Amino acid sequence: MSDAAKTRSYPFAEIEPKWQKFWEEEQIFKSTEDPAKPKYYILDMFPYPSGNGLHVGHPEGYTASDILARYRRMKGYNVLHPIGFDAFGLPAETYALQTGTHPRITTEKNIRNFTRQLKMFGFSYDWSRVVNTTDPEYYRWTQWIFLQLYKQGLVYEAETPVWWCEDLKSVLANEEVVNGRSERGDYPVKRIMLKQWMLKITAYADRLLEGLDKLDWPESIKEMQRNWIGRSEGAKICFALDEHNDRFIEVFTTRSDTLFGATYMVLAPEHPLVKRITVPERRKAVDEYCEKAALKSDLDRTELSKEKTGVFTGAYALNPVNGKKIPVWIADYVLISYGTGAIMAVPGHDQRDWEFAKAFGLEIIPVLEGGNIRESAFEGDGLHINSAFLDGLSKDDAIRKMNTWLKDQGCGERTINYKLRDWLFSRQRYWGEPIPLYKDADGNVYAINEEKLPLLLPEVDKFEPAGAGQSPLANIRDWVEFKGKDGKTYYRETHTMPQWAGSNWYYLRYMSPDYDKALVYSAAERYWGQVDFYIGGAEHAVLHLLYARFWHKVLYDLGVVSHDEPFQKLLNQGLILGTDGEKMSKSRGNVVNPDEVIKEYGADSLRMYEMFMGPIDRAKPWSTEGLGGIHRFLNRIWRIYVDENEEINPQICNKLDNTLEISFHKMVKTVTEHIEQVRFNTAISQMMIFINDCYKAEFLYRPHMLDFIKILSVFAPHIGEELWQRMGSKDVLSYSAWPLYDPEKAKDEMIEYPVQINGKVRFKINISSEAVETDIREALKDHEKYAFYTEGKQILKCIVIPRKIITLVLK
RNA sequence: GCAGCCGUGGCGGAAUUGGCAGACGCACCAGACUUAGGAUCUGGCGCCUUCGGGUGUGGGAGUUCGACUCUCCCCGGCUGUACCA
């Protein structure tokens, strides 16, 4: 016998499908633009339809957004609450490689399963607006946006060091590499040089940074984006090379004031100057070092981090401030991907340079007072020494003076550097959007005419990549090659777009999913505007959320959208952990399957339990007993309304119980406020308190009991609809008005004041809640225990905080 | 290392313009109903206690009539990031 059967449950297994069918057939949640109503756009991060189906983590965010959507509808808002599928991506392609099943087949099957599961939860999505990123009518517009970027000069092809993942047979973006391994699949990656399409996200670096300030997002996510963009003010400085009049080494530094202390220079092993300036007698050592560095994965480099290695090139640079000859080394602690890939080393005032200088016996010159350079580099502030025209200045003044001097001398200037790199946009995969560009035999690039979009993904027989750095599309010669009207042969781009492309703008497509003249119908865009509330996982902090902001700003500049930021408010739901407090995973065997939970306890129990577990944004362990507690609560609600004979409880009548009235108004007040603050766990607590009070009351006032159903229905919509119907209500529950409360009736008539004497609560005193301070003091003096505690003592202080506490200080 | 978040009963968690610590739920204990209880209802439930009370929100100090809440130092955990010049 199942747990549910044992507990004589209310008939969730019958009523849940019944109401899901009702919502679908009556199109209850279909939304249309209505200028008469204020709009509210509440969005979930759409799922990747994996073969595993939904896990219990998905409904956490989806239930939270559903509660907010249902609440806003009852508050009179016109709510846009859509769902869709981010369906391009690697798992379907990997599965195709293993089984030969076309990714489209797998994807369609998984979407059907996800749809079935999502509908079982009773989420109030507008199912007429579903989008699917793999639908040609959808990716037509993904390609269109790409072409706009191309026309704006934000797309370029470059031979750059890229992350290559041998297991995934593809290059990856910086953002997709975590700790030297692929974000998807956790495979090793290495750096190779490859010609790739890049998007110039760096052109938007400042705007992406500044835009964060006005967003209502978790501070941690904003901080992560700020760190990722990594804006850093400094100067670039040109060092002439001794015996190479035509070549310079350009460096970026935040400490131009320490230039007099620069005693050597370091190039990254991949730096293009390395080959040109290395002197013949050092060539062998340099080549060996560069080869070794290239073989090291990034992981190796960081694991070995503390040991500084490097070799001397034999070349010398000239310090622009004093013409001093300083040696040029190469070392892998200088990264080709940051700044100019070269540094001026100031071992006196930079710990990394200090360690390197110590290891190789290089000169260390202090140029600031303070610290002890025999022990370590001094990175703090101080007065300059050994620095000619900077002597006696502090750090900030010296930086300013030096930058001016560099500019005057024409060998440097103030500049801003970013950690953010341009976005590597090519993928060597089949299951993605084809890049709508082609080339002629000479390598000239052309964009496909927008009228001809979508550029369809061609059919293939095999999904294996066509050799290193080539996508499976390169195998299809009659797709790649085509004859133009001029009779010349042209060659299509065979790489595809990364998965982020489709998810970059899906929230706009929901506004007019069937519109075929533009990616979004402009009147719909103006009506729905920004996403008011966006809910999803924190793992997208710097991937999806940064890329989407970038594209959105481009679209804003093009006049396609009317706001320059896409998501006004963001909430990250916390992870749901296994019962053991660990992250759920198949290997740990602690995965909870939502299908089984729904079968045993019903979707309403699961929804409500996940909201009751704790604060929405915190990680929380699953508890089957806790789920049972919520299920019991729903049973208790059911029995308050429906008696053993399936009749409405005769206690529900038009008589008003005074105590219960206060409880009701308190409940409406608290639940309303806590929904606004997205604190569902405490909102549910207050509903429990009200139901507990109902069990103690003799009469249940019918209008209040109807209002409670409305409130319940945003959390547990199926039981809400069923009770609403059984109570004989004819209105559509989902659009009935949210209950109002009377603030005066939400207060207790009497307040039990704690009387605190010298920091300890000694007794309590009941006083009317209307009482003002003088009344309270009087009541206190009349209290029997007052004399006992104050006798023979001097009253130093008597503090009365109305409605809170009375404090006495005695001596 | 750096940044952000967090530390409250046996467990999940309440309480923040500073005002009764432990709401609500789970687990547990007792009672009622019962052939039975893993259903339901009622009550209890931080720790210590000589039953007066004492003590208690990771540890220590401070501000205050009053600190889970504010300030400083330390310890522990989670997440992100990592030679970023």
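Scroll up to find the structure.
Scoring rules and cut-offs
- For every chain, the first residue of its written sequence is number 1, and the numbers climb from 1 along that sequence.
- Chain letters start at A and ligand numbers start at 1, both assigned in the order the entries are written.
- Thresholds applied to this predicted model are a pLDDT of at least 70 for local features of residues and 80 or more for the giving and counting of side-chain atom pairs; totals over whole chains, interfaces and linings are not thresholded and use all residues.
- Side-chain metrics in this entry use all non-hydrogen atoms of the structure; hydrogen atoms and water are not considered.
- Labels follow the DSSP assignment, with helices taken as runs of H or I lasting at least four residues and strands as runs of E lasting at least two, numbered in each case from the N terminus.
- The buried label goes to any residue with under 20% of its type's maximum accessible area, the exposed label to any with over 50%, and the partly exposed label to all in between, with areas taken from a 1.4 Å probe on protein chains only.
- Areas reported here follow the Shrake-Rupley algorithm with a probe of radius 1.4 Å; residue values treat only the protein chains shown as occluding.
- Only four residue types enter the tally: Lys and Arg on the positive side, Asp and Glu on the negative side; His and the chain ends are excluded.
- Charged groups are reduced to one reference atom each: NZ for lysine, CZ for arginine, CG for aspartic acid, CD for glutamic acid.
- Strands are labelled as partners when DSSP assigns at least two bridges between them.
- Note on geometry: axes are C-alpha line fits, over the in-contact stretch for helices, and angles between N-to-C directions span 0 to 180 degrees.
- Put simply, a nonpolar core is a bunch of buried Ala, Val, Leu, Ile, Met, Phe, Trp, Tyr and Cys residues held in one set by side-chain atoms that sit within 4.5 Å of each other.
- What makes two residues a contact is simply this: any of their non-hydrogen atoms within 4.5 Å.
- Cysteine sulfur pairs qualify as disulfides if the two atoms are within 2.5 Å.
- The salt bridge criterion pairs a side-chain nitrogen of Lys or Arg with a carboxyl oxygen of Asp or Glu, the two atoms within 4 Å.
- A helix is expected to reach a length of 1.5 Å times the quantity of its residues less one.
- The handedness rule is simple: strands pointing away from the viewer, and a clockwise path from the first strand over the helix to the second, make the crossover right-handed.
- Arc, as used here, means the arc of the directions from the helix axis to the C-beta atoms.
- N or O atoms within 3.5 Å of each other form a polar contact, as long as, within protein, one can give a hydrogen and the other can take it, and as long as residues adjacent in sequence are counted only when both atoms are side-chain atoms.
- Whether two aromatic rings pair depends on their centres lying within 6.5 Å, for rings of Phe, Tyr and Trp, where Trp uses its six-membered ring; planes under 30 degrees apart make the pair stacked, over 60 edge-to-face, and the rest tilted.
- Comment on the angle field: the value is read as roughly parallel under 35 degrees, roughly antiparallel over 145, roughly perpendicular from 65 to 115, and oblique elsewhere.
- Residues are grouped as follows: Ala, Val, Leu, Ile, Met, Phe, Trp, Tyr, Cys and Pro are nonpolar; Asp, Glu, Lys and Arg are charged; every other residue, Gly included, is polar.

**So, the overall build of chain A**
Here is step 1: Secondary structure assignment for chain A yields 27 helices and 31 strands.
Here is step 2: Across its three principal directions, the C-alpha atoms of chain A cover 100 × 90 × 50 Å.
Here is step 3: Here chain A, with 811 residues, has 53% of them falling under the buried criterion.
Here is step 4: If you sum the accessible surface of chain A, you get close to 36,800 Å²; carbon and sulfur atoms cover 49% of it.
Here is step 5: In chain A, 104 side chains carry a positive charge and 116 a negative one; their mean positions are 1 Å apart.

**A closer look at the sheet that holds strand β21 (residues 489-492)**
Here is step 1: Ordered by their spatial adjacency, four strands build an open sheet running β19-β18-β21-β20, and the pairing between neighbours is antiparallel. Across the chains shown, the open sheet's two edge strands, defined by having one partner strand only, are β19 (445-447) and β20 (481-483). Between one strand axis and the next, the sheet turns by 35 degrees as a mean value, whatever way the strands run.
Here is step 2: Bridge count between strand β18 (residues 437-440) and β21: three bridges; the pairing is antiparallel. Across the sheet, Y438 pairs through a bridge with R492, a residue of β21.

**Quick word on the nonpolar core**
Here is step 1: Of all hydrophobic cores here, the largest spans 87 residues; its most connected members are M608, W622, Y641, M687, L712 and F715.
Here is step 2: Apart from the residues within four sequence positions on either side, L712 is in contact with M608, L634, I637, M687, I719 and L723.
Here is step 3: In this structure, L43, M45, A173 and V554 belong to the second largest nonpolar core, which totals 82 residues.

**Some words on the side chain of S232**
Here is step 1: Mapped onto the elements of the fold, S232 is located in strand β10 (residues 232-241).
Here is step 2: S232 sits in the buried class, given a relative accessible area of 15%.
Here is step 3: Beyond its immediate sequence surroundings of up to four residues, S232 is in contact with F252, T254, Y338, T415, I416 and N417.

**As for the side chain of D66**
Here is step 1: Structurally, D66 is set in helix α3 (residues 58-74).
Here is step 2: D66 sits in the buried class, given a relative accessible area of 0%.
Here is step 3: With residues near it in sequence (within four places) discarded, D66 still touches H81, G122, F123, S124 and R607.

**Some details on the environment of G51**
Here is step 1: Among the secondary structure elements, G51 is positioned in the loop between β1 (39-44) and α3.
Here is step 2: In this structure the C-alpha to C-alpha distance between G51 and N113, which are 62 residues apart in sequence, comes to 8.6 Å.

**Quick word on the state of the cysteines**
Here is step 1: One pass over the structure, following the stated rule, counts zero disulfides.
Here is step 2: Between C653, a cysteine without a disulfide, and C694, which holds the nearest cysteine sulfur, the sulfur-to-sulfur distance is 12 Å.

**A look at the pattern of salt bridges**
Here is step 1: Summed over all chains, the structure comprises 44 salt bridges.
Here is step 2: With its nearest N and O atoms 2.7 Å apart, the salt bridge here joins K39 to D532. One end of the pair, K39, is in strand β1; the other, D532, is in the loop between α17 (522-528) and β22 (533-536), and 493 residues separate them in sequence.
Here is step 3: With a closest N to O distance of 3.4 Å, E137 and R140 form a salt bridge. Note that E137 and R140 are positioned in helix α6 (residues 136-151) at a spacing of three residues, about one turn of the helix.

**Looking at helix α5 (residues 103-120)**
Here is step 1: Helix length check: α5, at 18 residues, gives a terminal C-alpha distance of 26 Å against a target of 26 Å (1.5 Å per residue), a fit within 8%.
Here is step 2: On its buried face, α5 sits against α3, β3 (84-85), α4 (90-99), β4 (131-132) and α19 (594-601).

**Focus on the pairing of β22**
Residues in a regular strand project their side chains so that they alternate between the two faces of the sheet.
Here is step 1: Where burial is concerned, the two faces of β22 agree: the one with F533 and I535 and the one with Y534 and G536 are both buried.
Here is step 2: Taken together, the three bridges between β1 and β22 define a ladder with parallel strand orientation. Residue pairing across strands places I42 opposite F533, the latter belonging to β22.
Here is step 3: In this structure, β22 lies alongside strand β23 (residues 570-572), joined through three bridges in parallel fashion. Of the residues in β23, the one forming a bridge with Y534 is L570.
Here is step 4: Considered for its hand, the β-α-β crossover made up of β22, helix α18 (residues 544-557) and β23 is right-handed.

**So, the sheet that holds β1**
Here is step 1: Across the sheet, which stays open at both edges, the four strands sit in the order β2-β1-β22-β23 with parallel pairing between neighbours. Looking at which strands have only one partner, the edges of the open sheet turn out to be β2 (78-80) and β23. Going from strand to strand, the sheet's axes swing by 20 degrees on average, the running direction of each strand aside.
Here is step 2: In the packing of α3 onto the sheet, the strands contacted are β1, β2 and β22, and the crossing angle to β1 comes to about 170 degrees.

**A few points about α19**
Here is step 1: Regarding α19, the residues found buried are P594, V597, I598 and Y601. All buried residues of α19 project into a common sector of 100 degrees when viewed along the axis, lining one side. Residues of α19 that are exposed and angled more than 90 degrees away from the buried face: E596 and K599.
Here is step 2: Regarding α19, its N-cap is N593, as a side-chain oxygen of that residue lies 2.8 Å from the backbone nitrogen of D595 further along.

**A short note on the packing of aromatic side chains**
Here is step 1: Inspection of the entire model under this criterion finds 52 aromatic pairs.
Here is step 2: With 4.7 Å between their ring centres and 40 degrees between their planes, F356 and F360 make a pair best called tilted. Here F356 pairs with F360, and both are found in helix α12 (residues 351-360), just four residues apart, close to one helical turn.
Here is step 3: Judged by its relative accessible area of 0%, F356 is buried.

**Focus on the environment of T142**
Here is step 1: Along the polypeptide, T142 turns up in helix α6.
Here is step 2: Residue T142 is classed as buried on the basis of its relative accessible area of 0%.
Here is step 3: Spatially, the C-alpha atoms of T142 and E433 are 7.8 Å apart, while their sequence positions differ by 291 residues.
Here is step 4: Not counting residues within four places of it along the chain, the set of residues in contact with T142 comprises E433, M497, A501, G502, W505 and W551.
Here is step 5: Side-chain polar atoms of T142 contact the side chain of W505, separated by 3.0 Å.

**Here we look at unusual backbone geometry**
Here is step 1: Across the junction of L453 and P454, the peptide omega takes the value 0 degrees, indicating a cis bond.
Here is step 2: Following the sequence through the fold, P454 ends up in the loop between β19 and α14 (477-480).
Here is step 3: Its identity is not glycine, yet A388 carries a phi of approximately 45 degrees, on the positive side.
Here is step 4: Along the chain, A388 turns up in the loop between α12 and α13 (395-409).
Here is step 5: A residue is classified by how much of its surface remains accessible, and A388, at 53% relative accessible area, is exposed.
Here is step 6: A positive phi angle, near 55 degrees, is found at V678, a position not held by glycine.

**Regarding the pairing of strand β13 (residues 311-318)**
Here is step 1: Buried residues dominate β13, accounting for six of its eight residues.
Here is step 2: For β10 and β13, the ladder comprises two bridges, and the chain directions are antiparallel. Residue L241 lies in a different strand from β13, and its bridge partner there is A317.
Here is step 3: Adjacent in sequence and paired antiparallel, β13 and strand β14 (residues 325-330) are bridged by six residues, among which G323 carries a positive phi angle near 70 degrees.

**Structural notes on the packing of helix α20 (residues 603-612) against helix α25 (residues 717-726)**
Here is step 1: It is the contact of α20 with α25, at a shortest axis distance of 7 Å, that shows an interaxial angle of 125 degrees. As the angle between them shows, α20 and α25 are arranged oblique. Note on element contacts: α25 touches α20 through P717, H718 and I719, opposite A603, D604 and R607.
Here is step 2: Along the lines of polarity and charge, the residues of the contact of α20 with α25 split into three nonpolar, one polar and two charged.

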